[in-house]
Amino acid sequence: MSGTVRPNPFHVLGLPPDADREEIVRRGRELTDLAATEAERDLCGWAMRELIGDPETRRLHELLEAPGARYRDEEWADFALRHRRNPANVKALKQAAGEPRATDFDLPAIFDLVLDGLLEPPEVDLAAGARHAPQPPGPGAPPLEVTDVLFG
């Protein structure tokens, strides 16, 4: 196998993990015949060989397959067909809502939230400050004298 990552063979063939050998071969040949490019044909052939070859390889792909995966269902196509259009009339909703007014907002509550956020001090992690101190704390003279601070 080359350096490219390939999808799960069950996904390539659109089959459930409990598919038998005959079904895998039939679906692999069907997809190979329908493939538009050489890369798609190679991928279908690879997926078929992975599943009907070594039992350990197939077991690995079965374990990596999502439980209950169903690829050939028509549920999604039916859903998309039924819900092709947006059921809500967006223009009517926009006209009914109108422009926002000052009475739509609770300004005192908004100011309270903003001020609480500004006046609340952030949490301080003293342990991180001690671990990353410019001068490790310990016995001995301080790194700066009072004169250093006052007179530079």
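In this text, all values refer to a predicted model and were calculated from it rather than measured experimentally. (Residues numbered from 1 in each chain as written. Predicted model: local features only at pLDDT ≥ 70, side-chain atom pairs only at ≥ 80, totals over all residues. Heavy atoms only, no water.)

Remark: helix 2 (residues 21-34) packs on helix 3 (residues 38-52), axes separated minimally by 9 Å, with the N-to-C direction vectors making an angle of 175°. Viewed along their axes, helix 2 and helix 3 adopt a mutual orientation that is roughly antiparallel. Within the contact between the two elements, helix 2 uses Arg21, Ile24, Val25, Gly28, Arg29, Leu31 and Thr32 and helix 3 uses Arg41, Cys44, Gly45, Met48, Leu51 and Ile52. Within the contact of helix 2 with helix 3, the residues separate by chemical class into seven nonpolar, three polar and three charged. (Axes fitted to C-alpha atoms, helices over the stretch in contact; angles between N-to-C directions. Helix = DSSP H or I, 4+ residues; strand = E, 2+ residues; numbered from the N terminus. Parallel < 35°, antiparallel > 145°, perpendicular 65-115°, else oblique. Contact = heavy atoms within 4.5 Å. Nonpolar A, V, L, I, M, F, W, Y, C, P; charged D, E, K, R; others polar.)

Take the environment of Glu62 next. Mapped onto the fold, Glu62 is located in helix 4 (residues 55-64). Using a relative accessible area of 31% as the deciding quantity, one classes Glu62 as partly exposed. Along the sequence, Glu62 and Leu51 sit 11 residues apart, while their C-alpha atoms lie 9.2 Å from each other. Beyond its immediate sequence surroundings of up to four residues, Glu62 is in contact with Phe10 and Pro17. (Buried < 20%, exposed > 50% of the residue type's maximum accessible area, 1.4 Å probe, protein only.)

Before going further, it helps to spend a moment on the confidence of the model for the protein. The share of residues in the protein with pLDDT of 70 or more is 89%, and the mean pLDDT across the chain is 82. Taking the mean pLDDT of every element in the protein, the minimum, 73, falls on helix 5 (residues 75-82) and the maximum, 91, on helix 3. (pLDDT = per-residue confidence, 0-100.)

Before going further, it helps to examine the side chain of Arg58. Along the polypeptide, Arg58 turns up in helix 4. Take Arg58: its relative accessible area is 15%, and that puts it in the buried class. Among the polar contacts listed, one links the side chain of Arg58 to the backbone oxygen of Pro17, at a separation of 3.1 Å. Each residue touching Arg58, except ones within four places of it in the same chain, is listed here: Phe10, Pro17, Asp18, Ala19, Ile24, Glu50 and Leu51. (Polar contact = N/O pair within 3.5 Å; in protein donor to acceptor, adjacent residues only side chain to side chain.)

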